[in-house]
Amino acid sequence: MTLLYTEVEEELRASVRDLLADRCGPDAVLKRVESASPYDMDLWKTLSREIGVAGLLVPEEYGGAGASAREAAVVLEELGRAVAPVPFLTSSVLATRALLQVGEKDLIQELASGETTAALAVSLAASPYRPLPATVTVTDRGTLSGEVRAVAGADVADVLLVPVGTALYRVAAEHVRIEVVPSLDLTRPIATVTFSDTPGEVVGHLDARKVLSFGAGLLASEQLGVAEWCLDTTLAYIKERHQFARPVGSFQAIKHRMADLWLDVVRARAAARNAADLLAAPPVPDAAAAVEIEAASAVAKSWCSEVVVHVAEEGVQLHGGTGMTWEHPLHLYLKRAKSTGIALGTPGAHRDALAVLADLPAPA
Amino acid sequence: MVDGETIGERVAALLAGHDPADRLEFLRARFDAGLAWVHFPEGLGGLGAPRELQQVVERELAGTPQLDTGVQAIGLGMAAPTILTFGTEEQKKRFLRPLWTGEEIWCQLFSEPGAGSDLATLGTRAVRDGDEWVVDGQKVWTSGAHHARWAILVARTDVDVPKHRGLTYFVCDMHAPGVDVRPLRQITGEAEFNEVFLTGVRLADSLRLGEVGDGWRVAQTTLMNERVAIGGAPVRRGGGMIGLVADTWRSRPELRTHDLHQRLLRLWVEADVTRLAGARLREQLSAGQPGPEGSGMKLSFASLNQALSGLDVELRGEEGLGYDDWTFRRSDSVDFFGRGPGYRYLRAKGNSIEGGTSEILRNIVAERVLGLPSEPRVDKDVPWKDLPR
Ligand SMILES: Cc1cc2nc3c(=O)[nH]c(=O)nc-3n(C[C@H](O)[C@H](O)[C@H](O)COP(=O)(O)OP(=O)(O)OC[C@H]3O[C@@H](n4cnc5c(N)ncnc54)[C@H](O)[C@@H]3O)c2cc1C
């Protein structure tokens, strides 16, 4: 148990960062998100083939890397730093975790290679602590009908995993209508997924709370990466930008704000690492340990959600007019920041959950 | 290589050979066994081991006599690391053992009425007289001076050079003639700190720490350690001030309101992430001296403690309107968590002032961690004696 990064994790980080530096610079991302296919599936294939990120959480016996949440968190940090438009969170974390939980074995092997991509058909805004809204139902004939809105990663998914009640259905994407809608986060588009008399097959029974809480705990690491990029980029800018014959970064009003942001990010890193570390442990039947793990995710996600938005907003402000331009990549980060704040439970939802997890009950 | 196993053996030998019922004898034996602070060198209370192994020692010796970290805080947190870094072998041998066992209490004679944040402008003079120094001046806000046997002292030894360069660092004998300690009543009603008047105090040159004129550099070591000592203390999950407030919350449902609940949950999260960041910093630090990052931990500790102690008073409603005791008395030790909620609220106000104000710490983070340019300095090249005062 450590809150630091291991050597293996640093090596993984370096290879992901190198590849992203080559293939996914801010200009490239900006150009891509304005194109017809905002996801960079070529990059995704390379990340999967060369570094094996798609199968990171998949056990070796199913063709994965058999790594843990700690390594997945490091990848998420780097993908966040680059606002990389790839379906790692949706396919390799959420969908993969759901399949692992239900004990599915075939599809998971396909996902591990990165050749097939899946998406969990739940709203990106779904909270772990509320039952999923029952917008999809099973017809008399055993087919699915209904719709799920704001699904991330759906437009690049080959397979959709659809929770209906406690059952998890597997549905081929070609039998589903997937309509991309304009989204706040240009680098992680959302879509409305419609099922009408859609054939599907039950793959097992899903505890959605566990999967979403796992996703939220790891999303904190992506948020950390986004926040770090914003902090570093803003820092570089205010050192170089001169007004009143001084770097604007030499004014104390600005320095103090930067010091506070740094401290927020330092604490975000500790919280995200702690969540990843606890989520990396093999599942245990011990109820107290399960509470501790869920609480660590709730703490990390609520803290990191607010920090990442604050750092991105301060970043725009401290860039002045430049911060408001489309050319500067900051807006991509602000949009990612704000939408990850809503994703998988708002900060308030996670704090409310802590009322129970940490035994701090609400007034009667 | 010292590892957990070696430590286990040492602990067993200590427990076998010494009776914890004799507190002082046991603490002395623990020091001699190298189990005081394991990262210190052998012979000086340590084993030259990685700092994180201290946790093992603390766990194993949890049931034995403990130090009084309140009254010993300055000795342990500030004097000791400075003596270790800059002291001569004789100084280390002379001071560290009674410092650690608590036989000799330490205080810090840094701040002066005219030199707080701008510590380097201080005017207390030390003038050389043969093998001795003669010290004259006034210090202020000196915590625990009324208990202290020794002090760490910064004094001006050269008025003709710019302020940072004319300082020298000493160990001050608090029992020497000419040392006059007067209580200063504070916001809480008690007197934890003091004014200290130094009049013709003679200190042997062997009490000097570091070179003449190098006092600022020596003081930096003290200050960095002070910030970690104040902000970086290990707390368990849900411990410290958040633990106090949470206990009240759990045991007194009639006090709960929705507004307070939201604030409590936010502060719970902040307390937890601050705790984790402290733990992470200690992992990073496992060897070596604290860097400017420690200032960050003190910054967050201060604002968190203030918010929590304020919430505590408010949460208690009617009871929050009361106070435990306004009697003017000299406090026994520094205690952020003890006494009543009103006391804790008022004492916490000092957390963002003592050991460097939060403004100064933000400057340090901005300049030394983030590398932002310093503000224009008007006094940098002016001899101290020519500075406006
Ligand atoms: C409880 C307590 C215990 C203490 N114990 C000790 C002790 O044992 N030994 C000892 O030597 N001292 C001790 N001190 C003194 C403490 O170190 C000083 O009070 C502190 O360094 C601030 O100095 P000052 O009080 O002169 O405030 P000032 O320096 O006068 O500051 C006044 C205000 O101006 C702000 N300010 C000053 N300079 C700047 C700047 N450059 N940029 C922005 N804002 C600035 C400060 O942040 C503060 O808000 C103690 C203080 C307290 C409260």
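Residues numbered from 1 in each chain as written. Chains lettered and ligands numbered in written order. Predicted model: local features only at pLDDT ≥ 70, side-chain atom pairs only at ≥ 80, totals over all residues. Heavy atoms only, no water.

Engineer: Tell me what's going on with the site of the ligand, and back it up with residues and numbers.
Structural biologist: Near the ligand there are 19 residues, and of these Ser111(B), Ser117(B), Trp141(B), Thr357(B) and Glu359(B) occur at the shortest range. Residues within reach of the ligand are spread across chains A and B. Contact between the ligand and Gln108(B): a nitrogen atom at 2.8 Å from a main-chain N or O atom of the residue. Between the ligand and the protein, one listed contact pairs an oxygen atom with a side-chain N or O atom of Thr357(B) at 2.7 Å. For the ligand, whose unbound accessible area comes to 970 Å², protein coverage reaches 68%. (Near = heavy atom within 4 Å. Polar contact = N/O pair within 3.5 Å; in protein donor to acceptor, adjacent residues only side chain to side chain. Areas by Shrake-Rupley, 256 points an atom, 1.4 Å probe, with all protein chains shown as cover.)

Engineer: How would you summarise the pattern of salt bridges if you had to cite specific residues and measurements?
Structural biologist: Two side chains with opposite charge may pair up if their charged atoms get near one another. Overall, the coordinates contain 61 salt bridges over all chains when judged by the stated rule. Across the pair Arg81(A) and Glu228(A) runs a salt bridge whose closest N-O atoms are separated by 3.2 Å. Residue Arg81(A) is located in helix α4 (residues 69-81), and its partner Glu228(A) is located in helix α7 (residues 208-240); the two are separated by 147 residues in the primary sequence. Judged by its relative accessible area of 17%, Arg81(A) is buried. The partner of Glu89(B) in a salt bridge is Lys92(B), with the nearest N and O atoms 3.4 Å apart. Placement of the pair is Glu89(B) and Lys92(B) together in helix α5 (residues 89-101), with a separation of three residues, close to one helical turn. Look at the salt bridges and you will find they share partners, linking Arg252(B), Glu254(B), Asp312(B), Arg316(B), Glu319(B) and Arg344(B) into a network. (Salt bridge = Lys/Arg side-chain N within 4 Å of Asp/Glu carboxyl O. Helix = DSSP H or I, 4+ residues; strand = E, 2+ residues; numbered from the N terminus. Buried < 20%, exposed > 50% of the residue type's maximum accessible area, 1.4 Å probe, protein only.)

Engineer: Help me get a handle on the nonpolar core, residues and values and all.
Structural biologist: If you look at the biggest cluster of nonpolar residues, it comprises 144 residues, and the most contacted ones within it are Leu20(A), Leu47(A), Phe88(A), Leu218(A), Met258(A) and Leu354(A). When sequence neighbours within four positions are dropped, the list of residues in contact with Phe88(A) reads Trp44(A), Val53(A), Leu56(A), Ala72(A), Val75(A), Leu76(A), Leu79(A) and Val93(A). Within the second largest apolar cluster, 54 residues are counted, among which are Phe95(B), Leu122(B), Leu153(B) and Val171(B). (Core = buried A, V, L, I, M, F, W, Y, C linked by side-chain atoms within 4.5 Å. Contact = heavy atoms within 4.5 Å.)

Engineer: Any chance you could break down unusual backbone geometry for me, citing the residues and the numbers?
Structural biologist: Here the phi dihedral of Leu344(A) falls at roughly 55°; this positive angle occurs in a residue that is not glycine. For Leu344(A), the position within the fold is in the loop between α10 (330-342) and α11 (347-357). By relative accessible area, which is 1% here, Leu344(A) ends up buried. Positive phi, normally seen in glycine, also occurs at Trp141(B), with a value near 60°. In this fold, Trp141(B) is placed in strand β3 (residues 132-143). A relative accessible area of 44% means that Trp141(B) is categorised as partly exposed.

Engineer: How would you sum up the interface of chain A and chain B? Please name residues and give values.
Structural biologist: With 43 residues of chain A at the interface, the matching set in chain B holds 42 residues. Between chain A and chain B lies a buried interface of about 3,800 Å² when both sides are counted; carbon and sulfur atoms form 67% of it. Across the contact surface, chain A and chain B share six salt bridges. Between Glu367(B) and Lys255(A) there is a salt bridge, with the nearest N and O atoms lying 2.5 Å from each other. Counting across the chain A and chain B interface gives 20 residue pairs in polar contact (both at pLDDT 80 or more). Of all elements in the fold, only α7, β10 (246-247), α8 (252-279), α9 (287-318) and α11 of chain A reach the threshold of two or more residues within the side of chain A that touches chain B. Element by element, the count of residues in the side of chain A that touches chain B is highest for α8(A), at 15 residues. (Buried area = accessible area lost by both parts, 1.4 Å probe.)

Distances and angles like these do not, on their own, reveal function.
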